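# Structure at a glance
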Amino acid sequence: MNSSGPSVVSWDATPPLAVSGRPQRLVPFVLGYEPIAEHTSVAGGRRFRYLLEPVTAVAVVFERGWVLVDGGFDPARVTDAESRRRYFDYRNYTPIVPGDDPLRDQVAAAGLVWEELAAAIITHAHFDHTGAARLLRADQPLVMQRREWDHVSTLTDPHGAFVIPEDFAHPDLVLALVDGDTELAPGLRVIDTAGHTPGHQSVVVELAESTVVLAGDAADLRHNIDHAVACGSTVGEAGPALAQRAIDRLQALDRAAGTTVWPAHDPLWPTWHEVIDALE
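In this text the structure is predicted, and so the values were computed from the model without any measurement.

Rules used throughout
Residues numbered from 1 in each chain as written. Predicted model: local features only at pLDDT ≥ 70, side-chain atom pairs only at ≥ 80, totals over all residues. Heavy atoms only, no water. Helix = DSSP H or I, 4+ residues; strand = E, 2+ residues; numbered from the N terminus. Contact = heavy atoms within 4.5 Å. Salt bridge = Lys/Arg side-chain N within 4 Å of Asp/Glu carboxyl O. Buried < 20%, exposed > 50% of the residue type's maximum accessible area, 1.4 Å probe, protein only.

Turning our eyes to something else, we now look at the environment of S83. Residue placement: S83 occurs in helix α3 (residues 81-88). As a C-alpha pair, S83 and A57 span 26 residues in sequence and 23 Å in three-dimensional space. The residues touching S83, leaving out its near neighbours within four places in the chain, are A76, R77 and F88.

With that out of the way, let us pick up the pattern of salt bridges. Summed over the entire model, instances satisfying the criterion amount to 17 salt bridges. As a salt-bridge pair, R22 and E206 come within 3.0 Å of each other at their nearest N and O atoms. Placement of R22 in strand β2 (residues 20-37) and of E206 in strand β10 (residues 201-206) is noted, with a sequence separation of 184 residues between them. You can call R22 partly exposed: its relative accessible area is 38%. Take E206: its relative accessible area is 28%, and that puts it in the partly exposed class. R222 is paired through a salt bridge with D254; the nearest N and O atoms lie 2.5 Å apart. Of this pair, R222 sits in helix α6 (residues 222-227) while D254 sits in helix α7 (residues 239-255), placing them 32 residues apart in sequence. Given a relative accessible area of 15%, D254 falls into the buried group. Because the salt bridges share partners, they merge into one network encompassing D74, R77, D101, R104, R134 and D167.

So, to be careful, I would describe these as geometric facts and stop short of saying anything about function.
Here it is, written out as structure tokens:
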């Protein structure tokens, strides 16, 4: 990272999150779309079949304050022609961001206030998840796994790794690094689901009547969870085995009474459909 990069601290060294009580509700967001080959989302999937997958995020709303999980694209990188060529010049891939800034718009429509955001969590550092970093103040840490940051900060080919280092390169950003399964606040924890990337994490939210697990890209599709089929895109020699361990863990959680695992990019998942249907 350059001299204007983030401050990097251990989670244990950060103040408690500025929330009170326990999670009360989830607010899902759909922030864009991307065409993804089936084999990328599902190990052994077809290479010629493409899915138009939603790019999603979720607000976890507490009695006071809220936490954002993932953040879509930075829309300025998509809408500016030069930036689009620089960051997204991949064969058979193009990001789609409807409107000017769907994250800001949907947060406002949900009645949430940015000043009351306690923190953001990213499941991993791919560019379709890191777009909210631009909006964070120094007292709103961005929580990620230490292994993920070690991976990102040592990349020799960020473009080939689907990472935009500039998403993290502003001086007000504070990265709070966790190690494995970690409780962040009452009813909110992250769990290790590495494989898709070396430090991928999923987010467990314990609501009053149920528990929701936000899988991130450890499970793009509900098919991954139902059939315990790992994601098809992994990093490193250990990636496929780790991805299978992650999906086995997510399937076990999904089978527990009162728990549902949400896939991050499934175009057929009802939660994302409801958001899309409610938008003009």
